[in-house]
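# Secondary and tertiary structure notes
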Amino acid sequence: MTKAAAFLALTLAIAAQGFYIPGVTPMSYQALSPLGIRVNSLTSVQNIMPFEWYSLPFCSPTKEERRKYMQRSQNLGEVLWGDKIEISLYTVSVLVDEVCREVCTLDYDERQMRQFKNRIEQKYRGNMMMDNLPVAEEPSTEKLSTAAVQVGFPLGVPRSATLRGETLINNHLAFKISYHRQPVQTKDGTPLPETYRIVGFLVTPYSIDHDELPCSSEKFSPELGKPLSTAGKKVTWTYSVKWVENKEVDWSTRWDVYLRSTATESRIHWFAIINSLLVVIFLSVVVAIILLRALHKDFNRYNDPENVEEQQEEIGWKLVHTEVFRKPPYALWLAVYVGTGAQLLLMTMTTLIFALFGFLSPANRGALLTALIFLFVLLGSYAGYTAARLLKMFGMRKWSHIFLVGTFFPGQMVLIWFSLNLLLWSQNSASAVPFTTILTIMALWLGVSLVLVLLGAVVGFKKPAIEPVCAANIVERPVPPQPWYLRAPQSILLPGILPFGAAFIESVFILSSVWQGRVYYVFGFLSLVFLILIITCAEVTIVMVYFQLTREDYNWWWRSFLTSGSYAFWLYMYCINYYVNALHIPNLLSSILYFGYMFMVSYFFFVLTGFIGFTSAFIFVWTIYSSIKIS
């Protein structure tokens, strides 16, 4: 056994040495080695529609060179996120500084200059990469060791921010590249050439009229240049390079500058955790009171043989024991949602586990989206199994019902996503997904996920049917009038405020990451908040179901799902508030995209949190009714 374990460890070690993830495995360069700077999509927080870099008439390589580079494969996440990485004419040599180097000089017509002006006024930012490290705008005042940088650089200065009321174009990029010197390696006693690793890639954009300050000037300094307005037609594109040794930053920590939170943000994260824990403690106390006092008292009264007559006259949750496991209305759709919710919950938890172990590093572009899609596809069997167990309990064993489990929720999401993609196609956006990728997604859905749903249902239908602890009466018992606080919709919507409050702060950071171009990677905080969200949804649903049953309202099946799922309602309401107060999107199509995508996210959490509430309520109801003696 020990030898086998040692052999396995040795095999894994050898495999690990040969395993290479692009952008994750460090690359070392010798002095004077040429390096190409890649360009990525143009993005804006005002107009959320990204565009390809060469949608603007920048200096570009030949079409043949671009086509040859674009033949490289991109993962599914990169394509869906809108990353369109291409080659450029910007090149550097390791450790070689450049004071001013000209890329090209172009004469533009009025239409082309209007394109630049529109993109600058819409606050678009250019994105570049080198050694798989995105360029970030160099902080002007704070120290880099403490500052949180912003990815990309502005294409220009809007006229509202200039004294002369002119739109300025940033045609000069001052790159600052940090490197870490590697220890000298030897081979057969002979020292190998010294190598270096890139640990920082910053830029400061400038607007310079090169007719006034040409690159060839001996006293060239970008700070002294006269700004270049979009009113002209001639633009000279230039850049400078400065290499700086950084002994404090190693290759493994070079992403820290992008992931770093400010001191205020860190305090807010901890405040959010404390706030969420207080909500959980409050709900836990309420549930404990119900379970340890009210229910314990009920059990003693109902199970005491000396109180049979009093027990029969008692008004409470025991009187509806013949109704609580009656098949609910629209039982098929409940099973569909519960099966899908189980799939989404397991997918989310698995993704967070992978993220905690560092497998979804931002250096591995598109990994998060790719992981979500493939985990959803592969966990289809869990949805089929869960739905099949519930359908068999309801006496609704039909394969057409299982087919709905595999197509209803994914079909809705694909339909909404495809409609939004048509808008992106109409605007030639970089995030418009090509038709071949759509076919790939359809193949994964119908060819893999649906098949796994059916296989999971086969296993679920073979299991013995879940037998309720209390049989249902033939004649349905009428539900007495309910107090106002237990009537829909308030009894469904109001409890959702508590789980939303528990996860509110983290939701703000995630929205800022998605819509304001920040990098989010505090998956430790996120995992803790998600766990608190699960506990909060479960506890608030148990409390509401108990109050409902004590009032002899046995229609808890859908109520438990909707009560917990109402978290999604408050999430979407906050997304509307975030749109009004935090974002400034004047474009109608961009607004449609925002609300469309956020509806998809909210619907996702409706199904996920609804499943949490339903499962906790099912266990609660099953437990309390199996604990009493039924005559």
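Residues numbered from 1 in each chain as written. Predicted model: local features only at pLDDT ≥ 70, side-chain atom pairs only at ≥ 80, totals over all residues. Heavy atoms only, no water.

### A few points about helix 17 (residues 567-581)
Along its 15 residues, helix 17 runs 21 Å from first to last C-alpha, staying within 8% of the 21 Å computed at 1.5 Å per residue. For helix 17, every residue scored as buried is listed here: Tyr 567, Ala 568, Leu 571, Tyr 572, Tyr 574, Cys 575, Tyr 578 and Tyr 579. For helix 17, the arc enclosing every buried residue in end-on projection is 160 degrees, short of the 170-degree limit, so these residues lie on one face. Facing away from the buried side of helix 17, by more than 90 degrees, are the exposed residues Val 580 and Asn 581. (Helix = DSSP H or I, 4+ residues; strand = E, 2+ residues; numbered from the N terminus. Expected span 1.5 Å × (residues − 1). Buried < 20%, exposed > 50% of the residue type's maximum accessible area, 1.4 Å probe, protein only. Arc of directions from axis to C-beta.)

### A closer look at the pattern of salt bridges
All chains considered together, the criterion is met by 16 salt bridges. A salt bridge links Asp 83 to Arg 365; its shortest N-O distance comes to 3.7 Å. Taken together, the positions of Asp 83 in the loop between helix 3 (76-81) and strand 5 (91-93) and Arg 365 in the loop between helix 8 (331-356) and helix 9 (367-378) put the pair 282 residues apart, joining distant regions of the chain. In terms of burial, Asp 83 and Arg 365 fall into one category: buried. Residue Arg 114 is joined to Glu 110 by a salt bridge in which the shortest nitrogen-to-oxygen separation is 3.7 Å. Taken together, the residues span about one helical turn, with Arg 114 and Glu 110 both in helix 4 (residues 110-121) at a distance of 4 residues. When its relative accessible area of 42% is taken as the criterion, Arg 114 is described as partly exposed. (Salt bridge = Lys/Arg side-chain N within 4 Å of Asp/Glu carboxyl O.)

### Considerations on the environment of Phe 620
Positionally, Phe 620 belongs in helix 18 (residues 588-625). The class for Phe 620 is buried, based on a relative accessible area of 6%.

### Structural notes on the sheet that holds strand 12 (residues 153-154)
Read from one edge of the open sheet, 3 strands run 4-7-12, paired in antiparallel fashion. Each edge of the open sheet is held by one strand with a lone partner, namely strand 4 (43-44) and strand 12. Strand direction decides the pairing type here: strand 7 (residues 124-126) and strand 12, joined by 2 bridges, are antiparallel. By the bridge assignment for strand 12, Gly 126 is matched with Phe 153. (Pairing = 2+ DSSP bridges.)

### Details of the sheet that holds strand 3 (residues 38-39)
Spatially, the 3 strands line up as an open sheet ordered 3-8-9, and their pairing is antiparallel. What marks the edges here is a single partner per strand, and that holds for strand 3 and strand 9 (133-134). Sheet analysis places strand 8 (residues 128-130) next to strand 9, joined by 2 bridges and oriented antiparallel. Bridge pairing in strand 9 places Met 130 opposite Leu 133.

### Here's the deal with a nonpolar patch on the surface
A cluster of nonpolar residues, Ile 274, Leu 277, Leu 278, Ile 281, Val 285 and Ile 289, forms a patch on the protein surface that exposes about 550 Å² of accessible area. The residue Leu 278 is located in helix 6 (residues 263-302) in this model. By relative accessible area, which is 54% here, Leu 278 ends up exposed. (Patch = residues over 30% accessible without salt bridge, like charges linked within 9 Å, V, L, I, M, F, W, Y side chains within 5 Å. Areas by Shrake-Rupley, 256 points an atom, 1.4 Å probe, with all protein chains shown as cover.)

### Things to note about helix 14 (residues 497-515)
Of all the bends in helix 14, the greatest, near 55 degrees, is centred on Phe 504. Those residues of helix 14 that sit buried are Pro 499, Phe 500, Ala 502, Ala 503, Ile 505, Glu 506, Ser 507, Phe 509, Leu 511, Ser 512, Ser 513 and Trp 515. Of the residues trailing helix 14, Gly 517 is marked for its positive phi of about 70 degrees. (Bend = angle between axes of the 7 residues up to and from the residue.)

### A word on the confidence of the model for the protein chain
Looking at the protein chain as a whole, its pLDDT mean stands at 85, while 89% of the residues score no less than 70. Residue range residues 1-23 is modelled with pLDDT below 50. Its contacts to residues more than four positions away, or to other chains, number 10 contacts. (pLDDT = per-residue confidence, 0-100. Contact = heavy atoms within 4.5 Å.)

### Section: the side chain of Ser 88
Mapping Ser 88 onto the fold places it in the loop between helix 3 and strand 5. Residue classification places Ser 88 among the buried positions, given a relative accessible area of 11%. Looking at Ser 88, its side chain comes within polar contact range of the main-chain oxygen of Ile 37, at 2.5 Å. A polar contact of 3.2 Å, which involves the side chain of Ser 88, links it to the backbone nitrogen of Tyr 90. Dropping the residues within four chain positions of it, Ser 88 is found in contact with Ile 37, Val 39, Tyr 54 and Pro 61. (Polar contact = N/O pair within 3.5 Å; in protein donor to acceptor, adjacent residues only side chain to side chain.)

### Brief notes about the state of the cysteines
Taken as a whole, this structure holds 2 disulfides when the rule is applied. One disulfide bridge connects Cys 59 with Cys 104, the sulfur atoms lying 1.7 Å from each other. Taking the sign of the torsion about the S-S bond as the criterion, the disulfide between Cys 59 and Cys 104, at about -75 degrees, is left-handed. Within this pair, whereas Cys 59 is found in the loop between strand 4 and helix 2 (63-70), its partner Cys 104 is found in strand 6 (residues 98-107), the two being separated by 45 residues in sequence. In this model Cys 100 forms its disulfide with Cys 215; the gap between the sulfur atoms is 1.7 Å. (Disulfide = S-S within 2.5 Å.)

### Digging into the packing of helix 8 against helix 15 (residues 523-550)
Their axes nearest at 9 Å, the elements helix 8 and helix 15 cross at an angle of 155 degrees. Relative to helix 15, the element helix 8 lies roughly antiparallel. Note on packing geometry: the crossing formed by helix 8 with helix 15 is left-handed. The segment helix 8 lies against helix 15, with Leu 345, Thr 348, Met 349, Leu 352, Ala 355 and Leu 356 engaging Phe 523, Gly 524, Leu 526, Ser 527, Phe 530 and Ile 534. The residue makeup of the contact of helix 8 with helix 15, split by class, is 9 nonpolar, 3 polar and no charged. (Axes fitted to C-alpha atoms, helices over the stretch in contact; angles between N-to-C directions. Parallel < 35°, antiparallel > 145°, perpendicular 65-115°, else oblique. Left-handed = near helix turned anticlockwise from the far one by under 90°. Nonpolar A, V, L, I, M, F, W, Y, C, P; charged D, E, K, R; others polar.)

### Regarding the packing of aromatic side chains
Under the definition given, this model contains 51 aromatic pairs. Between Trp 556 and Phe 614, the ring centres sit 6.2 Å apart and the planes meet at 15 degrees, which makes this aromatic pair stacked. In this pair, Trp 556 is assigned in the loop between helix 15 and helix 16 (557-565) and Phe 614 in helix 18, connecting sequence segments 58 residues apart. By way of ring pairs, the aromatic residues Trp 333, Tyr 337, Phe 408, Phe 409, Trp 558, Phe 561, Tyr 572, Phe 599, Tyr 603 and Phe 606 are connected into one cluster. The aromatic ring of Phe 51 is capped on one face by Arg 119, whose charged end is 4.0 Å from the ring centroid. (Phe/Tyr/Trp six-rings, centres within 6.5 Å; stacked < 30°, edge-to-face > 60°. Lys NZ or Arg CZ within 6 Å of the ring centre and 35° of its normal.)

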